[in-house]
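Read off the chains here:
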Amino acid sequence: MVQHGAKGGAKIVGSNGSNGNGVKIDLSANPADEIKTTTCYMCACRCGIKVYLKDGKVRYIEGNRDHPVNKGILCGKGSAGIMQHYSPARLQAPLLRVGPRGSGEFKEISWEEALGLATRWLGDVRHKDPKKLAFFTGRDQSQALTGWFAQQFGTPNFAAHGGFCSVNMAAAGLYTFGGSFWEFGDPDWDLTKYFVLFGVAEDHASNPIKAGLGKLKGRGAKVVSVNPIRTGYQAIADEWIGVKPGTDGMFVGGLIHELLRTEKIDVGYLVRYTNAPWLVINSPGDADDGLFARDEAGKPLCFDKKTNQLADATQADVVPALAGEFTLPDGRKARPSFQPIAERFLSPSYSPEAAEKACGVPADTIRRIAAEIAEVAFEQEITLDVAWTDWAGRRHDKMIGRPVSMHAMRGISAHSNGFQTCRMIHMLQILIGSIDCPGGFRYKPPYPRPTPPHNKPAGKHGTVKPNTPLNGAPLGFVTGPEDLLLSPENGPERIDKAYSWDAPIAAHGLMHMVITNAAMGDPYPVDVLFMYMANMSWNSTMNVPGVLKHLTAKDENTGEYKIPKIIYSDAYYSEMVPYADLILPDTTYLERWDCISILDRPVSDPDGPADSIRQPVVEPDRDVRPFQTVLIDLGARLRLPGFVNDDGSPKYPGGYSDYIVNHERGPGVGPLAGFRGNNGDQYGKGAPNPNQLDEYIKNGCFYMHHLKPEQRYFKHANKDYLEWAKEVGFIGSADPIIFQLYVEPLQKFRLAARGHGEIQPPDSHRKRIEAFFDPIPFWYAPFEGAVLDTDEFPMYAVTQRPMHMYHSWGSQNAWLRQITAQNRLYMHRGRAEALGVKDDDWVWIHGAMGRVKAQVRLMDGVNPDTVWTWNAIGKRSGAWGLDNDAPEATHGFLLNHLISELLPERAGGYRFSNSDPITGQAAWYDLRIRIERALEREEQQTSPRFEPLKSPLKREVAEVSTFGVEFRGNNS
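The structure displayed is predicted, hence computed values, not measured ones.

**Considerations on the overall build of the chain**
When you go through the chain residue by residue, the secondary structure sums to 24 helices and 34 strands. In terms of overall dimensions, the chain is globule-like: its C-alpha atoms have a radius of gyration of 28 Å, near the 30 Å expected for 972 residues. Its C-alpha atoms put the chain at 85 × 75 × 70 Å along the principal axes. When burial is assessed residue by residue, the chain has 66% of its 972 residues classed as buried. Look at the contacts in the chain between residues 6 or more apart in sequence, and 71% of them connect residues 24 or more apart. With the model as given, the accessible surface of the chain reaches about 33,400 Å², and the carbon-plus-sulfur share is 48%. Distance between charge centroids for the chain: 2 Å, based on 107 positive and 114 negative side chains.

Quick look at the structure:
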């Protein structure tokens, strides 16, 4: 048993109340009445699990050995799902606020009353102006449904978690090579010989990465970690590169410089698969300067060395030049896009010496790493005796691979320079020819997609109308100013300013800006804010004190809240719940149906697409309902198209499970790809199968389609794969996916900033667009460090999540709290000594917005200029069913209090969001600080502290968890 109330340290006691010695265990006893498979939800890995049930209760969780994600591995988070399910923080029933926002004063109401109220609020908005609904969701893994609801409702104001987590990863990859790190691709764990890991903390892809690293270490492959912090994966790396935060791009630029200087690049790969040979118009001042030269049919041109003439660059038989200057039919000049790329990275600006000044990594180390990458890529190439056919019908007897692979995540993404830095990492991979080849980085189907995908964001001015669905999905990919969502005044059309001049390529939206913008009425106020599983008043928000004020701000004239109505759904009493008006309580992940869909973020493997489900393994013991089913119910009550039949009756009366089976996004294409068709014998496309969920359950709650060996590599140019992917509905065309080293859409925005075209940015935005929308990736200093006095704030501060927790979900878990119930500020030992700081001292962390007090822990494995802490451990008193004096509240802290959601004012008073200027990705990791030792007489608790939240939970919380007592039987 373990202590839960946590007024002091953790306490573990034996099952007999003593130390556990002498307890007799019946090893032949049946451990369960029933074992059910489902999918874990303790992080975003979505591993397969088996849940052991005894007397109707969850007794044990283990990994499913047949599952493609984890193959039986289960981490501490997954095992502790029991305590997540039985958490005392679980909400019990629908709640209606009766006191002021933030007071925690609610009354329980019936579901009929709650749904009736939500329907009335949402219906009023839809009848008047659908965009006055802001609908934003957290890491819910059901965006295919939630985005469709927003589309059918008619609001463009929808987005999810990715906007403040990983949109730089997704957008940079999808605009460059049609894939991405994380959920869209994997290193070739079985064949890689040299692996470089950029900015990946232990919580992301935890089990697959751990298993993959085990394979690499077992084979003797070299693992290089590029990260300011040496913990977890970094600790077992063969070499740790402790860069300063936000300077990874210069490190990568130095590597590219060396590969180009030493001519260690795969020229044939560039010619076959990239736009490196495409001619770029070089005519400064013209409206098409920097765009690709095209023929009358719109095909990009190259210079064919075989014929010494301009030619269609997409033809298979050309022998294109990668350098030189050529004359176009109109007399102007053009150069292959590879030439300005090479000129940039061969310049002194990206020499190893220049990179060393920015990132702190010695120039000799950069040169050595580049030489090692080149040696493995070109001297240790891998050959598979597998014949394959490329897009042009050419037969290849073998598959040749460059066994260097890379992986990156939030440490790259969460900076204001993250998009271009991630693009540089992809360029590095492409230059050595290591995308989707044996030993390299591999796509996970349904990727790759066109570069970028063809869907555009819906919600242009004049198309958002009362009682009318949008003419497309709210999120998409822009290719020029003509795709932006702008008001007649050239301002943002969306509440988060996505797809405006503030963040033109905001593929995932700007969730971190919604509350601030709505409360300030910038660009306009909203009537209803509807959120799901997004703790936006605490660990998922920047500027916590400011956001709390926005949530409770009232209009001086009317006395009404500036955000009039807030609907919130969650399974637990998080810090966000007290600030909502209507609470729709969700189930735990063991009590509901879920769909991890090919239409969303599936659980695919590079060797084949896969999707999975969750099934209810136990029934709720509270008056709660699955959010997805509630959303479908609301859609029917609102009579949204697609949610009702022609006679007005609900189209999916069975809730989410009904929707999963019967919904079709296109003819024959539904949420699940397996067991389609009346007989369940079709894959990808097929009529709805009424027995589909039963078939998934029989198969372990997942389905994986195994690609043929000849389809598994070079998917971007593999004829067999591309034609099959089109056939099953993954892509619309079997054309090859061309890697975009030079991203033309960015140049279109630059041309607009230079005064060309009908759609141009306001004067206040022109310099920003010109500076950052470079079609060739480049490094620039993160914004906060560029605008602050770095003598006053000389250090960097970042967060990462521990391997055993994920977001704020795990840090309320009775078992996981025994590992980490408070967080420290980790400092480099030498830097701390220079500041007179010792281990266990309390310090003030000063930022431009204020200060936070925390207790220090010294270490060696951290960049000397960097401090860091575990994110989401710190809790507000009264939340999550914890004691008011739990260590998470008294000794836990957040750096979020110091991170502004807005950058300082510019000329004219305008404030941009603290985000990447291209994608709007929240710049969590740009924070600059200074450290000051706290006085000994000061209270030894973290600061700032807020008034404890009043909890509406009526359940008694035991000081010591007694889970497991009921299973002892004769062993007690």
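**What about the sheet that holds strand β25 (residues 582-585)?**
Within the open sheet, the seven strands sit side by side as β5-β4-β25-β24-β23-β6-β7. Their pairing is mixed. In this open sheet, the two edge strands, each paired with only one partner strand, are β5 (106-108) and β7 (158-159). Relative to strand β24 (residues 565-570), strand β23 (residues 528-532) runs parallel, the two being bridged by five bridges. By the bridge assignment for β24, L529 is matched with I566. Most of the contacts of helix α3 (residues 111-128) go to β25, to which it runs at about 120°, and overall it touches β4 (95-97), β6 (133-137), β23, β24 and β25.

**Here's the deal with the side chain of N535**
Looking at the element boundaries, N535 is found in the loop between β23 and α15 (544-552). If we ignore the near neighbours within four places in the chain, the residues touching N535 are S540, T541, Y568, S574, E575, M576, S808 and W880.

**Observations regarding the packing of helix α20 (residues 744-753) against helix α21 (residues 763-772)**
Where α20 meets α21, the closest approach of the two axes is 8 Å, and the angle between their N-to-C directions is 145°. Taken as a pair, α20 and α21 cross one another with a handedness that is left-handed. Across the interface between the two elements, F749, R750, A752 and A753 of α20 pack against R766, I769, E770 and A771 of α21. Considering only residue class, the contact of α20 with α21 consists of five nonpolar, no polar and three charged.

**Thoughts on the packing of aromatic side chains**
Applying the stated criterion to the full structure yields 50 aromatic pairs. Geometrically, the ring pair formed by Y656 and Y659 is stacked, given 5.8 Å between the ring centres and 20° between the ring planes. Taken together, the positions of Y656 and Y659, both in helix α17 (residues 656-662) and three residues apart, correspond to about one turn of that helix. This pair shows no difference in class: Y656 is buried, exactly as Y659 is. Look at W724 and F730: their rings are 5.5 Å apart centre to centre, the planes differ by 90°, and that puts the pair in the edge-to-face class. When sorted by exposure, W724 lands in the same class as F730, which is buried. An aromatic cluster is built from F135, W148, F149, F153, F158, F530, Y532, F627, F643, Y652, Y656 and Y659, whose rings are joined through pairwise contacts.

**Describing the environment of R712**
Along the polypeptide, R712 turns up in the loop between β28 (702-704) and α19 (719-727). Among the residues examined, R712 registers a relative accessible area of 23% and is labelled partly exposed. Expressed as a C-alpha distance, the spacing of R712 and P445, which sit 267 residues apart in the sequence, is 9.6 Å. Residues contacting R712, with those up to four places away along its chain left out, are D436, R442, P606, D607, H706 and L707. Within the structure, the side chain of R712 is placed 2.8 Å from the backbone oxygen of L707, a separation counted as a polar contact.

**Structural notes on unusual backbone geometry**
A cis geometry characterises the amide bond from P445 onward to P446, with omega recorded as 20°. Considering the arrangement of structural elements, one finds P446 in the loop between β22 (441-443) and α14 (514-520). In this chain, S943 is followed by P944 through a cis amide linkage whose omega measures 5°. Looking at the element boundaries, P944 is found in the segment after β34 (928-933). Positive phi is not limited to glycine here, since Y499 has a value of about 60°. Checked against the element boundaries, Y499 lands in the loop between β22 and α14.

**Side note on the nonpolar core**
By size, the foremost hydrophobic cluster in this structure holds 293 residues, and its most contacted members are F198, F251, F530, L582 and I845. F530 has contacts with L122, L133, A134, F135, F136, I567, L584, F627, L631 and L634, leaving out every residue within four places of it along the chain. Within the second largest apolar cluster, nine residues are counted, among which are L279, L301, F303 and L328.

Scoring rules and cut-offs
- Sequence order as written defines residue numbering, which begins from 1 separately in each chain.
- For this predicted model, a pLDDT threshold of at least 70 governs which residues receive local features, and a threshold of 80 or more governs which side-chain atom pairs are given and counted, while totals over whole chains, interfaces and linings are taken from all residues.
- Side-chain descriptors were evaluated using all non-hydrogen atoms of the structure, hydrogens and water having been removed beforehand.
- In this text, helices come from DSSP runs of H or I with a minimum length of four residues, and strands from runs of E with a minimum of two, each type numbered from the N-terminal end.
- Each radius of gyration reported is based on C-alpha atoms, and the globular scaling rule is 2.2 Å times the count of residues to the power 0.38.
- Burial status follows relative accessibility: with a 1.4 Å probe on protein chains alone, a residue under 20% of its type maximum counts as buried, one over 50% as exposed, and anything between as partly exposed.
- Any pair of residues with heavy atoms lying within 4.5 Å of one another is described as a contacting pair.
- Methods summary: accessible areas were calculated by the Shrake-Rupley approach with a probe of 1.4 Å, and residue burial reflects only the protein chains presented.
- Charged residues are defined here as Lys and Arg on the positive side and Asp and Glu on the negative side; His and the ends of the chain fall outside this count.
- A single reference atom marks each charge: NZ on Lys, CZ on Arg, CG on Asp, CD on Glu.
- Here, any two strands with at least 2 DSSP bridges between them count as paired.
- Angular values range over 0 to 180 degrees, each being the angle between N-to-C directions of two axes fitted as lines to C-alpha atoms, with helices fitted over their stretch in contact.
- By definition, turning the near helix anticlockwise from the far helix through less than a right angle yields a left-handed crossing, and turning it clockwise yields a right-handed one.
- Residues are sorted three ways: Asp, Glu, Lys and Arg are charged, Ala, Val, Leu, Ile, Met, Phe, Trp, Tyr, Cys and Pro are nonpolar, and all the rest, Gly among them, are polar.
- Stacked, tilted and edge-to-face pairs are distinguished by plane angle, under 30 degrees for stacked and over 60 for edge-to-face with tilted covering the rest, among Phe, Tyr and Trp rings (Trp via its six-membered ring) whose centres lie within 6.5 Å.
- Distance and chemistry together define a polar contact, namely a pair of N or O atoms within 3.5 Å, with one atom able to donate a hydrogen and the other to accept it when in protein, and with adjacent residues in sequence counting only for side-chain atoms on both sides.
- Buried Ala, Val, Leu, Ile, Met, Phe, Trp, Tyr and Cys residues form a nonpolar core when they are joined through side-chain atoms within 4.5 Å.

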